[in-house]
Amino acid sequence: MPPEERQLILDDRALARTLHRMAQDILRQTPDPISLVLIGVQRRGVELAARLATEARTQSGIEVPRGAMDITLYRDDLEAVGPRPLVGPTHLPVDLSGRHAWIVDDVLFTGRTVRAALDELADFGRPARIGLAVLVDRGGRELPIQADVVGERVETGPRDRVEVFVKELDGRDAVEVVRGAKVGT
Amino acid sequence: MSPALGKDLLGLEPLSADDIRLILDTAEPFKEISERAIKKVPVLRGKTIVNLFFEASTRTRISFEFAEKRLSADTVNVATSASSVQKGETLVDTARNLEAMRIDMVVIRHGSSGAARFLAERIQSNVVNAGDGMHEHPTQGLLDLLTIRDHRPIAGCKVCIVGDVLHSRVARSNIWGLLKLGAEVAVCGPQSLLPLGVGALGVRVFRRVEEAIEWADVLNVLRLQLERMHAGYVPSLREYYRVFGVTRERLERAPRDLLILHPGPMNRGVEIDSRVADGPHSLILDQVTNGVAVRMAVLYLLAGGRPELAEAAKGGGER
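Residues numbered from 1 in each chain as written. Chains lettered and ligands numbered in written order. Predicted model: local features only at pLDDT ≥ 70, side-chain atom pairs only at ≥ 80, totals over all residues. Heavy atoms only, no water.

A. Structural context of unusual backbone geometry. Note that the residue after Gln42 of chain A, namely Arg43 of chain A, is joined by a cis bond; omega there is -5 degrees. Structurally, Arg43 of chain A is set in the loop between strand S2 (36-41) and helix H2 (44-60). Of note, the bond from Gly264 of chain B into Pro265 of chain B is cis; its omega dihedral lies within 30 degrees of zero at -10 degrees. Of note, Pro265 of chain B is situated in the loop between strand S9 (259-261) and helix H11 (274-277). Phi is positive for Ser72 of chain B, close to 70 degrees, though the residue is something other than glycine. Position of Ser72 of chain B relative to the elements: it lies in the loop between helix H2 (59-70) and strand S2 (74-79). At Arg102 of chain B, a residue that is not glycine, the phi angle is positive and equals roughly 65 degrees. Overall, Arg102 of chain B belongs to the exposed group, its relative accessible area being 65%. (Helix = DSSP H or I, 4+ residues; strand = E, 2+ residues; numbered from the N terminus. Buried < 20%, exposed > 50% of the residue type's maximum accessible area, 1.4 Å probe, protein only.)

B. Spotlight on the side chain of Asp173 of chain A. Residues and elements named next belong to chain A. Relative to the elements of secondary structure, Asp173 occurs in the loop between helix H4 (167-170) and strand S8 (174-179). Here Arg51 takes part through its side chain, which lies 2.9 Å from a polar atom of the side chain of Asp173. Not counting chain neighbours up to four residues away, the residues in contact with Asp173 comprise Asp11, Asp12, Leu15, Arg51, Phe165, Val166 and Lys167. (Polar contact = N/O pair within 3.5 Å; in protein donor to acceptor, adjacent residues only side chain to side chain. Contact = heavy atoms within 4.5 Å.)

C. Spotlight on the nonpolar core. Ranked by size, the top nonpolar core spans 84 residues in total, and within it Leu73 of chain A together with Phe30, Leu142 and Leu145 of chain B carry the most contacts. With 11 residues, helix H12 (residues 284-303) of chain B is the largest single contributor of residues to this core. Apart from residues lying up to four places away in sequence, Leu145 of chain B is in contact with Leu12, Ile20, Leu24, Ile154, Gly177, Leu178 and Leu181 of chain B. Among the nonpolar cores identified, the runner-up in size contains 31 residues, and Leu19, Leu38, Val136 and Val164 of chain A belong to it. (Core = buried A, V, L, I, M, F, W, Y, C linked by side-chain atoms within 4.5 Å.)

D. The layout of surface pockets, seen in detail. Residues and elements named next belong to chain B. When its volume is computed, the second largest pocket comes out at roughly 540 Å³. Residue lining of the second largest pocket: 25 residues in total, with Arg169, Arg223, Gln225, Gly264 and Pro265 positioned closest to the centre. Taken together, the residues of the lining of the second largest pocket sort by class into 6 nonpolar, 11 polar and 8 charged. (1 Å grid on protein atoms, 1.4 Å probe; cavity = no way out; pocket = protein on both sides within 12 Å on 5 of 7 lines; lining within 4 Å. Points joined across faces, edges and corners; volume = space filled by probe spheres on them. Nonpolar A, V, L, I, M, F, W, Y, C, P; charged D, E, K, R; others polar.)

E. Main features of the sheet that holds strand S3 (residues 105-110) of chain B. All names here are of chain B. The strand order S2-S1-S3-S4 describes an open sheet built from 4 strands, whose pairing is parallel. Across the chains shown, the open sheet's two edge strands, defined by having one partner strand only, are S2 and strand S4 (126-132). Adjacent strand axes in the sheet meet at a mean angle of 15 degrees when their direction is disregarded. As defined by bridge partners, S3 adjoins S4 across 5 bridges and the pair is classed as parallel. (Pairing = 2+ DSSP bridges. Axes fitted to C-alpha atoms, helices over the stretch in contact; angles between N-to-C directions.)

Written as structure tokens, this is what we have:
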């Protein structure tokens with residue numbers, strides 16, 4: 001088997017710049033920053049939401065509440081999650097009613113994760129508005145869902161894999177694309 | 001790769017330590033769902049679950065029903081006092097008729113040891129044992145493990161099961177689960193209510209409850225089934241309380257604070273002192289809360305797991 005072809009999309013400094021710009025975009029698109037709440041999708045979305053909250057506080061002086069959400073129980077393919085069924089915690093720090101909630105995820109692909117996240121948020125209250133911020137948009141949508149804030153757009157094929165690394169979980173910050181990755185590895 | 005647990009949950013004896021840990025770890029996030037304003041997730045939407053109870057049960061049946069409803073399954077309760085079982089229908093015929101109506105899971109409580117396995121081998125639906133005779137009550141064992149684990153690591157923890165171990169499926173599930181996870185296990189009770197050869201499992205035996213209390217970190221106090229007294233296993237309830245009752249006075253002499261579990265329903269003043277049951281170290285209501293989460297985890301894990309779909313779904317790289 002030929003070695004995987006790995007391509008670096010963002011290194012640690014580029015990732016920091018990208019998050020800085022994403023936080024600016026989020027604040028610009030949130031008319032009332034006091035109502036802002038950032039909700040990370042397990043797992044790496046949670047770390048990204050924390051970084052964005054720090055950036056937003058630096059830029060606006062506002063302490064932004066952030067939460068975490070595991071969407072496993074809202075997926076439309078339970079039968080497919082069997083072999084890795086561990087569900088992470090869901091924790092929303094504030095009542096979402098009337099708030100401007102942002103869903104934060106690492107990679108936007110088919111849109112099914114976001115669909116599930118929207119369903120789950122609806123069970124927690126009625127935000128005034130929900131936005132979507134993703135670090136990487138890799139195309140390949142299967143649902144009519146688009147992000148409001150995108151860190152980086154990457155052209156990918158269905159067999160490519162986008163990998164996001166964050167210091168908190170992986171020891172380093174980077175985004176890489178593995179071209180033609182073997183399915184299921 | 002097979003589904004996480006196989007088709008059925010019949011007992012803790014056949015499970016590996018990793019299986020048990022998977023269920024307990026999966027139960028953790030399910031605890032939070034019951035704290036939400038909308039206590040429901042859609043994960044078992046469209047699944048039909050039949051609760052087939054051949055024995056009286058309040059806590060277990062309601063706990064399963066809450067677990068099922070909070071996962072969005074459709075549920076039907078069959079109490080045998082009001083069913084064709086009264087007309088002589090066999091267990092298999094009852095289950096096959098239910099299966100002909102296209103159900104997905106059966107939760108069964110039955111007075112005969114082995115009834116759950118008997119059923120599981122004859123129908124395609126997932127079967128969850130909610131207590132079969134004197135054999136096992138695996139979800140009770142799991143919720144006891146989860147409750148202990150909330151407070152201290154199970155490995156190395158000293159747990160003594162006090163009371164009617166002989167007739168207790170709760171005791172058996174506890175012993176299997178605790179031993180697999182590395183706890184030290186003991187039993188304590190009148191000789192007439194301890195199974196012969198329990199020591200061969202690697203379980204310590206205490207004849208006096210004072211010794212058990214001195215040794216243990218956790219007491220799991222079993223209900224003394226009152227009909228046992230009539231069958232001559234214990235001379236009288238008062239005598240039992242005097243000799244084996246878990247009282248505050250006895251616990252006050254312990255070298256450390258013991259955690260107290262009881263699977264319910266309690267006989268206050270028989271196996272347990274009210275001041276202990278309602279005391280600061282009692283985890284009895286935590287057990288009930290954890291029971292819903294553990295049952296949600298079991299139903300979720302049994303319902304999941306078609307590996308060929310998983311491979312296809314993972315290919316995209318959307319994590």
